[in-house]
Amino acid sequence: TGRPDRPYIGRIHSMWQTSAGNMKVQVNWFYHPAEVEGTAVGGGRVEDIKTKGALFESCHFDENDIHTISHKCHILEVDQFKQRLLIGGDQTATELYYLAGEYDPVEGVIVFRQGVFM
């Protein structure tokens, strides 16, 4: 699960059973702003993100045992997340996040989603 303030968050891409009978998952990983390092395409800085709950989608995939999954969470688009906050949603809910952009951990390239800095 990572650190309490930065749990490992991934999107399940596929699930299968090995010939030995173990269940496996292929996961596409998301990164928290504190884990993102690199150059932002089109400007902006990760440090300027003020709304908690930001995540960056990555091209990082790997395979894990299915038992590493602890619980479900929701990752919303920026505008959906802000709308949820306006209608009284709980920003501190640990299962609610928003997509701040894309991050390539190999190249160190960050692309912010529109509306992240508003």
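Residues numbered from 1 in each chain as written. Predicted model: local features only at pLDDT ≥ 70, side-chain atom pairs only at ≥ 80, totals over all residues. Heavy atoms only, no water.

So, on to the pairing of strand β3 (residues 9-17). Bridging between β3 and strand β4 (residues 23-31) involves eight bridges; their strand directions are antiparallel. Counterpart to Met-15 in the pairing with β4 is Val-25. (Pairing = 2+ DSSP bridges. Helix = DSSP H or I, 4+ residues; strand = E, 2+ residues; numbered from the N terminus.)

What follows deals with the nonpolar core. If you look at the biggest cluster of nonpolar residues, it comprises 17 residues, and the most contacted ones within it are Val-36, Ile-49, Phe-56, Tyr-98, Ala-100, Ile-110 and Phe-112. Of all the secondary-structure elements, those providing two or more residues to this core are β6 (54-65), α1 (78-86), β8 (96-104) and β9 (109-112). A per-element tally of this core places β8 first, with four residues. Filtering out sequence-adjacent residues up to four positions away, Ile-110 remains in contact with Val-36, Glu-37, Gly-38, Thr-39, Ala-40, Val-41, Val-46, Phe-56, Glu-102 and Tyr-103. Of all hydrophobic cores here, the second largest spans five residues; its members include Ile-9, Phe-30, Tyr-97 and Leu-99. (Core = buried A, V, L, I, M, F, W, Y, C linked by side-chain atoms within 4.5 Å. Buried < 20%, exposed > 50% of the residue type's maximum accessible area, 1.4 Å probe, protein only. Contact = heavy atoms within 4.5 Å.)

Turning our eyes to something else, we now look at the environment of Ile-66. Tracing the backbone through its elements, the reader meets Ile-66 in the loop between β6 and β7 (74-76). Dropping the residues within four chain positions of it, Ile-66 is found in contact with Met-15, Met-23, Lys-24 and Val-25.

What you see with β9 is a clean split: Ile-110 and Phe-112 sit on the buried side and Val-109 and Val-111 on the side with no burial. Here strand β5 (residues 39-41) runs beside β9; their pairing, made up of three bridges, is parallel. Opposite Val-41, over in β9, you have Val-111 as the bridge partner. The sheet contact formed by β8 and β9 spans four bridges and is antiparallel.

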